[in-house]
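# Understanding the architecture of this molecule
Below are the chains, spelled out letter by letter.
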Amino acid sequence: MQKLKHVAIIMDGNGRWAKKQGFMERIKGHEVGASVVRDLTIHASNIGLEYLTLYAFSTENWKRPLPEISFLMMLLDKYLQKELALFMENGIRFETIGDLSKLSDTLQKRIQDTKEKTAHFDGLTQVLAINYGSKDEILRAVNKAVECGEKVDEAGFDALLDTQNKPPVDIMIRTGGDHRLSNFLLWQAAYSELFFTDTLWPDFTIKEFDTIVKKFQKVERRFGGIK
Ligand code: IPE
Ligand code: IPE
Ligand code: MG
């Protein structure tokens, strides 16, 4: 059976879910989506997963209307405020990837505070990708390497990425029906098993997650070699 350490999820379909439910505002989908994150995080912790990386806001999502962006930022702040207790109770470490410098001071402080309070835990690490884009991350890493003035090898480059020291992504899931990576973990997903589902993120269940894990465990991963 495959050893599973790291699952990454592109949580897509919140807006379409809200529309389908007859809500006037897309934001209702984001709100319900946040509760799915909570349930799945508890489950991931219970099954002994090491890393759960969730795409919360991309570098491209700034193109959205300002009220939606403001709501998403507010929701992130509210989520962290509320979930600190969950992290503490379940021994979950909280980390982020992405360029946080563009976020408000209040949100940056909340993120920092949550990281510090959970840094000592060694169970599941929940990694939120906030203002994250792979191209941005890779460019920042390249520029760090250039500043050092030394050539880097694969391990050296890995260490310059936001995901430094995290294992590569074993399973990459995208909900919402589209078959693309939307600038998410392009380097880290080099050998991920990809799973696409039509389920919209607010409808995603632990049962569906477990079905994906079961499929993953049956896959023969060759990494370019032969078995
Ligand atoms: C994903 O859901 C959440 C974020 C990008 C923040 P969307 O908001 O993209 O929902 P759809 O894809 O428009 O339905
Ligand atoms: C990807 O979803 C980003 C997140 C889930 C945060 P998008 O809805 O932004 O992706 P595209 O625009 O369909 O590629
Ligand atoms: Mg979308």
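Structural notes, computed from the coordinates. (Residues numbered from 1 in each chain as written. Chains lettered and ligands numbered in written order. Predicted model: local features only at pLDDT ≥ 70, side-chain atom pairs only at ≥ 80, totals over all residues. Heavy atoms only, no water.)

Here we take up the packing of aromatic side chains. The geometry of an aromatic ring pair is captured by the separation of the ring centres together with the interplanar angle, meaning the angle of the planes. Summed over all chains, the structure comprises nine aromatic pairs. Plain terms: the ring middles of Phe57 and Trp62 are 4.9 Å apart, the flat faces sit at 70 degrees to each other, and that makes the pair edge-to-face. Seen in terms of ring centroids, Trp201 and Phe204 are 5.3 Å apart; in terms of plane orientation they differ by 20 degrees. Their pairing is stacked. (Phe/Tyr/Trp six-rings, centres within 6.5 Å; stacked < 30°, edge-to-face > 60°.)

Once that is clear, we can look at the site of ligand 1. For ligand 1, the set of nearby residues contains 13 residues, the closest of which are Asp12, Gly15, Arg16, Arg26 and Arg64. A distance of 3.1 Å is found between an oxygen atom of ligand 1 and a backbone nitrogen or oxygen belonging to Asn14. Side-chain polar atom of Arg64 to an oxygen atom of ligand 1: 2.7 Å apart, as the coordinates give it. For ligand 1, whose unbound accessible area comes to 380 Å², protein coverage reaches 87%. Tallying contributions element by element places helix 1 (residues 14-20) first for the shell around ligand 1, with three residues. By residue class, the composition of the shell around ligand 1 is three nonpolar, five polar and five charged. (Near = heavy atom within 4 Å. Polar contact = N/O pair within 3.5 Å; in protein donor to acceptor, adjacent residues only side chain to side chain. Areas by Shrake-Rupley, 256 points an atom, 1.4 Å probe, with all protein chains shown as cover. Helix = DSSP H or I, 4+ residues; strand = E, 2+ residues; numbered from the N terminus. Nonpolar A, V, L, I, M, F, W, Y, C, P; charged D, E, K, R; others polar.)

To continue, consider helix 4 (residues 105-118). Its 14 residues place the ends of helix 4 20 Å apart at the C-alpha level, agreeing with the 20 Å of an ideal helix rising 1.5 Å per residue. Within the span of helix 4, buried status applies to Leu107, Ile111, Thr114 and Thr118. For helix 4, the angular spread of buried residues about the axis comes to 65 degrees, placing them on one side. For helix 4, exposure combined with an orientation more than 90 degrees from the buried face picks out Asp105, Thr106, Lys109 and Glu116. Lining the buried residues of helix 4 we find helix 3 (66-90), strand 3 (93-97) and strand 4 (125-132). (Expected span 1.5 Å × (residues − 1). Buried < 20%, exposed > 50% of the residue type's maximum accessible area, 1.4 Å probe, protein only. Arc of directions from axis to C-beta. Contact = heavy atoms within 4.5 Å.)

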